[in-house]
Amino acid sequence: MAEVSASGTGPKSDAFIDRLIAVLDAWVPKPAAWAFASRIWIAMMLALAAAFWLQLDSASSAATCVAILAQPKRGQAISKAVYRLLGTLIGAVVSIVVVALFGQDRVLLFVSVAVWLGLCVFVAQYLQDTRAYGAMLSGYTVAIIALGQISDPQGVFDAAVSRVAVIVLGIVAITFINDALASPSTWRALLPQLRKAWDGTRAYAHESLAQGDLGAARTAALIRTIAPMRADASAIAGELDDGPARAAGARSCIAALYVMAASIRTVAAAAACLRDPSPAVAEAMAICRRVADAPDPDSLDRDDERMRDLVDAAIRDGRRPLDEVVVLQRALDFVCAATFAQDGIRAVADGHEPLRDARLPTHRDFPVALRGALRVAVGFAATAATFVALGLPQASFALVQVAATAALSSVTPDPKKFANGVVIGMILAATFAGVARFAFLNGVQGFPMLAMVMAPVIFLGCFLSLNPKTFGIGFILIVFFPVLLGPSNPQTYDAQTFLLNAFLVVVAAIILSIVVRLVIPVTPAQQRVFALDSARRALADALVGEGGDATTRTSLNADRLSQFAGYSSGSGAVRRASLSHAFALARLEAAAARSHAELRRLWSVTALQDAIRRARSGLAAADDRTLETAARDLIRAASGQGRSVRLTTARAASDLITAARTVARYRKFLHRLGIAVF
């Protein structure tokens with residue numbers, strides 16, 4: 001034993017080595033992170049060198065542009081670059097108009113910038129991903145150009161042209177470097193995520209068929225693994241010639257996974273209501289289990305056709321239990337969705353045209369969007385008034401930083417967390433810029449030395465930005481480090497100006513931190529109330545036949561539920577009840593929207609019109625008894641019709657029954673919302 005201990009290979013030594021390896025693995029950047037940081041540094045130096053060579057004003061803005069476009073995958077960077085250019089062009093035009101109208105009146109100029117900034121932030125709330133960034137950018141671009149020329153209104157056009165030029169230069173630099181150094185493709189990174197979500201959805205289906213309805217919390221957890229892929233799906237289109245087809249495949253797959261989760265949950269719930277399942281139900285459940293395994297395209301086609309035969313036979317019979325019709329139809333929906341999901345994954349992999357192109361709309365609550373816009377506008381206006389009243393020098397520089405950081409925070413999932421990152425990132429950026437300028441570059445004019453001094457900070461910022469917990473710090477560091485360093489040709493070393501700028505950007509960060517907490521804050525409890533209220537309004541529209549496209553509504557509801565599940569407030573029991581109610585509203589809305597769509601298709605069949613009238617009346621009143629009666633009458637009337645009518649009737653009847661069951665179960669809750677009747 002003594003010899004083992006002396007040699008350093010005992011259990012304690014092994015445990016220490018294991019802990020050391022774990023720490024190194026957690027903190028030492030991976031090769032992919034080093035490659036990403038290298039690409040960003042090279043692109044920033046290329047943009048900076050080109051800006052110096054072209055003698056552009058504010059050459060550091062070209063490097064800052066690259067930093068803002070820093071994305072680990074090519075498609076993300078391209079998509080962000082496109083909308084950055086569009087946002088800059090719009091902002092440049094608006095800034096010229098604003099200065100032309102209010103250049104002689106600073107109060108009106110500040111007010112107009114605040115209003116435009118708030119308007120752009122409001123629009124950004126209703127967009128998604130890089131489109132939201134482009135809308136937000138067009139807001140603070142006006143602040144950059146208009147406030148930068150507040151003392152020289154005649155120079156606004158030249159400033160706008162210069163701004164566009166450095167942005168284009170930054171975009172060209174990062175695009176060239178990403179292509180030259182083989183930046184990872186977004187579609188290659190998304191493909192394994194889609195396959196993992198596909199496997200997770202099939203596992204969810206297996207558990208549902210074995211154990212029954214798994215509940216709202218488990219379903220929400222599955223949805224939250226699917227929803228984040230939407231951002232990468234929209235970024236694929238610009239990567240390759242067949243990028244649009246791959247992007248469509250990704251969207252189709254994501255939408256199909258939503259439908260698979262919803263349909264199999266309904267299958268499990270309806271099957272549990274059948275005391276003596278028929279052979280058709282047993283076969284449908286077996287088909288669902290087979291699809292939940294590892295289906296191949298040929299078997300999916302056969303299962304789809306067989307399920308259609310089972311559904312058709314049930315309607316032709318006309319006397320099957322209503323829950324059996326629901327099981328068969330939802331099992332058919334599950335198989336169809338699995339077909340779209342698998343086809344979508346193959347389209348992402350090989351670039352073929354998918355079977356469909358589904359939309360993936362984003363849910364936004366108007367009160368939240370309005371509060372976000374007002375927060376940014378009021379925060380900017382209050383800061384501008386304070387700086388003007390105090391007569392601070394270089395106040396326009398500080399106001400630009402306030403406008404930029406406030407606008408950036410508005411499109412982040414957690415503005416408070418982002419504001420914390422801004423404070424830390426600004427302090428780090430100011431510290432590193434001061435050390436670089438006055439310790440390493442003082443008296444040095446060579447570009448190679450500038451590149452070497454900037455490298456460690458850029459690498460550190462990139463590493464931090466790749467970690468979700470430190471993303472805000474890393475992003476602010478790589479964006480504002482070149483701003484504060486202010487590389488120019490020749491380089492200036494005015495310590496007083498630098499210290500004042502550093503102080504002002506830190507003040508701007510602190511102001512943002514205060515604004516997001518005190519100015520029209522939105523608590524998780526308020527977000528839940530707003531989300532439920534918007535769901536109630538959407539349900540009211542769907543019940544009277546104004547629900548819109550059913551597939552689109554399913555994706556929109558999934559996005560709303562994904563957001564709703566993240567609003568954590570109250571006890572666990574309260575959260576579970578609220579989530580269950582949110583799912584009930586989404587289920588009832590989707591069922592109502594699909595019912596009205598199918599009933600419109602069946603209206604031309606005279607034999608079904610009386611049942612259709614009763615169904616519409618039942619939907620409008622949210623009357624479960626009327627809905628069940630209408631579903632039975634619809635099935636009996638369609639039993640003697642053709643196959644296409646019977647299949648359409650099965651879809652309509654299953655949705656009417658789903659709506660009836662949901663109303664019956666959540667009658668008190670729906671009555672409180674003013675929807676259901678007693």
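Given the structure is predicted, the values throughout are model-derived calculations rather than measurements.

Undergrad: Teacher, can you tell me more about the overall build of the protein here?
TA: Within the protein one finds 28 helices and zero strands. Principal-axis analysis of the C-alpha atoms places the extent of the protein at approximately 90 × 80 × 50 Å. Split into buried and exposed, the 678 residues of the protein put 55% on the buried side. For the protein, the exposed area adds up to about 28,700 Å²; of that, 62% sits on carbon and sulfur atoms. Averaging the coordinates of the 67 positive side-chain charges in the protein and doing the same for the 52 negative ones gives two points 6 Å apart.

Undergrad: Would you explain the nonpolar core in this entry?
TA: Generally speaking, nonpolar side chains in soluble globular proteins are found buried as a group. Grouped together as the largest cluster of nonpolar side chains are 112 residues, with contacts concentrated most on L194, M307 and L670. At 15 residues, helix α15 (residues 322–350) tops the list of elements feeding residues into this core. If you look at the next biggest cluster of nonpolar residues, it comprises 110 residues, including M45, A373, A384 and F459.

Undergrad: What is the right way to look at the environment of I478 in this model?
TA: Considering the arrangement of structural elements, one finds I478 in helix α20 (residues 471–485). In this structure I478 comes out as buried when scored by relative accessible area, which is 2%. When the C-alpha atoms of I478 and M454 are compared, they prove to be 9.7 Å apart, with 24 residues separating the residues in sequence. Look past the residues within four positions of I478 in its chain and what remains in contact with it is M44, A67, A70, V457, I458, G461 and C462.

Undergrad: How should the packing of helix α10 (residues 216–226) against helix α12 (residues 243–272) be read in this particular structure?
TA: Packing of α10 against α12 brings their axes to within 10 Å, and their N-to-C directions diverge by 170 degrees. Our classification of the angle between α10 and α12 gives roughly antiparallel. Across from A216, T219, L222, I223 and I226 in α10, the residues of α12 making contact are I254, L257, Y258, A261 and R265. Looking at side-chain class alone, the contact of α10 with α12 contains eight nonpolar, one polar and one charged residues.

Undergrad: I would appreciate a short explanation of the packing of aromatic side chains in the present structure.
TA: Aromatic rings considered in pairs are described by the distance between their centres and by the relative angle of their planes. All told, the structure shown has nine aromatic pairs when counted by the stated rule. Between the aromatic rings of F52 and F447, the centroid separation amounts to 6.2 Å while the plane-to-plane angle is 85 degrees, which identifies the pairing as edge-to-face. Of this pair, F52 sits in helix α3 (residues 31–53) while F447 sits in helix α19 (residues 447–465), and the two are 395 residues apart along the sequence. Members of the aromatic cluster, connected to one another through ring pairs, are W34, W41, F459 and F463. The ring of W187 is capped by R246, whose NZ or CZ atom sits 4.2 Å from the centre of that ring. Lying across the ring of F340, R356 places its NZ or CZ 4.1 Å from the centre.

Undergrad: Looking at this model, I keep getting lost on α3. Mind explaining?
TA: Note on helix geometry: an α-helix contains 3.6 residues per turn, so any two residues three or four positions apart are oriented the same way. The terminal C-alpha atoms of α3, which comprises 23 residues, lie 33 Å apart, in line with the 33 Å expected from a rise of 1.5 Å per residue. Taken from the residues just after α3, Q55 is the one with a positive phi, measuring 55 degrees.

Undergrad: Looking at this structure, how should I read the environment of R614?
TA: Counting through the fold element by element, R614 comes out in helix α25 (residues 609–621). Here the alpha-carbon distance between R614 and D633, two residues 19 residues apart in the chain, equals 9.2 Å. Discounting chain neighbours no more than four positions away, the residues touching R614 are T626, A630 and D633.

Undergrad: Just checking my understanding: could you explain the state of the cysteines for this structure?
TA: Covalently bonding the sulfur atom of one cysteine to the sulfur atom of another cysteine gives a disulfide. With the rule as written, the count across this model stands at zero disulfides. Looking at C462, it has no disulfide partner, and the nearest cysteine sulfur is the one in C65, 14 Å off. On the basis of relative accessibility, which here comes to 0%, the residue C462 falls in the buried class.

Undergrad: Looking at this model, I keep getting lost on the pattern of salt bridges. Mind explaining?
TA: Between side chains of opposite charge, a pair can form when the charged atoms approach closely. Evaluated as defined, the whole model comprises 32 salt bridges. The closest approach of N and O atoms between D312 and R316, which form a salt bridge, is 2.8 Å. Highlighted residues: D312 and R316, both in helix α14 (residues 297–317), separated by four residues, approximately one helical turn. Here D312 falls in the buried class, since its relative accessible area comes to 4%. Because the salt bridges share partners, they merge into one network encompassing E305, D309, D312, R316, R643 and R646.

Undergrad: Which parts of the structure should I look at to understand the confidence of the model for the protein?
TA: Parts of the model with low pLDDT should not have their predicted coordinates read in detail. In the predicted model, the protein carries a mean pLDDT of 85, and 93% of its residues have values of at least 70. Summarising per-element confidence for the protein, the mean pLDDT is lowest in helix α1 (residues 2–6) (45) and highest in α15 (93). In the model, residues 1–8 has pLDDT below 50 throughout and makes three contacts with residues more than four positions away in sequence or in other chains.

Undergrad: Would you mind showing me how to read the side chain of S79 here?
TA: Along the polypeptide, S79 turns up in helix α5 (residues 74–102). Overall, S79 belongs to the buried group, its relative accessible area being 10%. Discounting residues that sit within four places of it in the chain, S79 has contacts with T130 and A235.

Calculation criteria
Residues numbered from 1 in each chain as written. Predicted model: local features only at pLDDT ≥ 70, side-chain atom pairs only at ≥ 80, totals over all residues. Heavy atoms only, no water. Helix = DSSP H or I, 4+ residues; strand = E, 2+ residues; numbered from the N terminus. Buried < 20%, exposed > 50% of the residue type's maximum accessible area, 1.4 Å probe, protein only. Areas by Shrake-Rupley, 256 points an atom, 1.4 Å probe, with all protein chains shown as cover. Lys, Arg positive; Asp, Glu negative; His and termini not counted. Charge placed at Lys NZ, Arg CZ, Asp CG, Glu CD. Core = buried A, V, L, I, M, F, W, Y, C linked by side-chain atoms within 4.5 Å. Contact = heavy atoms within 4.5 Å. Axes fitted to C-alpha atoms, helices over the stretch in contact; angles between N-to-C directions. Parallel < 35°, antiparallel > 145°, perpendicular 65-115°, else oblique. Nonpolar A, V, L, I, M, F, W, Y, C, P; charged D, E, K, R; others polar. Phe/Tyr/Trp six-rings, centres within 6.5 Å; stacked < 30°, edge-to-face > 60°. Lys NZ or Arg CZ within 6 Å of the ring centre and 35° of its normal. Expected span 1.5 Å × (residues − 1). Disulfide = S-S within 2.5 Å. Salt bridge = Lys/Arg side-chain N within 4 Å of Asp/Glu carboxyl O. pLDDT = per-residue confidence, 0-100.

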